[in-house]
Every structure is written in C-alpha cells, then in structure tokens.
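Working through the structure, step by step
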Amino acid sequence: MHVLLDIDPAIHGEEVRRLLKRWVTQGLEEHWQKPAAGGWWARQGSNKPVTTVAYLTRVFPYVRDQRAPMD
C-alpha cells in the first residue's frame, strides 16, 4: 500500500505509519482472516518527507500508479 499524506512536520513519519498500519489492520481483520504467513504488511517501508514541489511531482504519479487493476 502506498499513501501520500499531508501531515504536520512536527510529527515523525514513523509514528504516522505505525498508526495508519494499525487502523488499516483493524479494518482488514473486521472483514478477512489474517494471512497465516507474514501478516498483512511487509517489513520495509518509507516515511520520507516530501519537502519540495519537484519531489512531489515525482512521488505523486508513483503513488497514484500503484493501483491494482480493477477487473
């Protein structure tokens, strides 16, 4: 899952990622059984801040284009 959020710069991205994963996990587990191997999330992740318009113009299409095909 890729997410691009506008958050207060005083809040560290790792804290936001931790909370977001917790909330999404709760929602997933209301509807589906937790996967047996590895859980819902990969161990890796980035919480790199977007601090320039140039970087935003690169990262926005990357996040947008990660959508799964809608069959």
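Below is a short write-up of the structure.

What counts as what
Residues numbered from 1 in each chain as written. Predicted model: local features only at pLDDT ≥ 70, side-chain atom pairs only at ≥ 80, totals over all residues. Heavy atoms only, no water. 1 Å grid on protein atoms, 1.4 Å probe; cavity = no way out; pocket = protein on both sides within 12 Å on 5 of 7 lines; lining within 4 Å. Points joined across faces, edges and corners; volume = space filled by probe spheres on them. Helix = DSSP H or I, 4+ residues; strand = E, 2+ residues; numbered from the N terminus. Nonpolar A, V, L, I, M, F, W, Y, C, P; charged D, E, K, R; others polar. Phe/Tyr/Trp six-rings, centres within 6.5 Å; stacked < 30°, edge-to-face > 60°. Lys NZ or Arg CZ within 6 Å of the ring centre and 35° of its normal. Salt bridge = Lys/Arg side-chain N within 4 Å of Asp/Glu carboxyl O. Expected span 1.5 Å × (residues − 1). Buried < 20%, exposed > 50% of the residue type's maximum accessible area, 1.4 Å probe, protein only. Arc of directions from axis to C-beta.

There is about 1000 Å³ of room inside the largest pocket. In this structure, the largest pocket is lined by 30 residues; those nearest its centre are Val-3, Leu-5, Ser-46, Asn-47 and Lys-48. Elements with a minimum of two residues in the lining of the largest pocket: α1 (13-31) and α2 (53-64). Looking at the lining of the largest pocket, its residues break down into 18 nonpolar, 7 polar and 5 charged.

Before going further, it helps to spend a moment on the packing of aromatic side chains. Per the stated rule, a full pass over the model turns up 0 aromatic pairs. Cation over ring: Lys-48 sits above Tyr-55, and NZ or CZ is 4.8 Å from the ring centre.

Once that is clear, we can look at the pattern of salt bridges. Applying the stated criterion across every chain yields a total of 3 salt bridges. The salt bridge involving Asp-65 is made with Arg-64; its shortest N-O contact spans 3.0 Å.

Right, let's get into α2. Spanning 12 residues, α2 covers 16 Å between terminal C-alpha atoms, matching the ideal 16 Å at 1.5 Å per step. Looking at α2, one finds that the buried residues are Tyr-55, Val-59 and Val-63. Each buried residue of α2 lies within a common arc of 50 degrees when the element is viewed along its axis, so the set occupies one face. Looking at α2, the residues exposed on the side facing more than 90 degrees away from the buried face are Val-53, Thr-57 and Arg-58.

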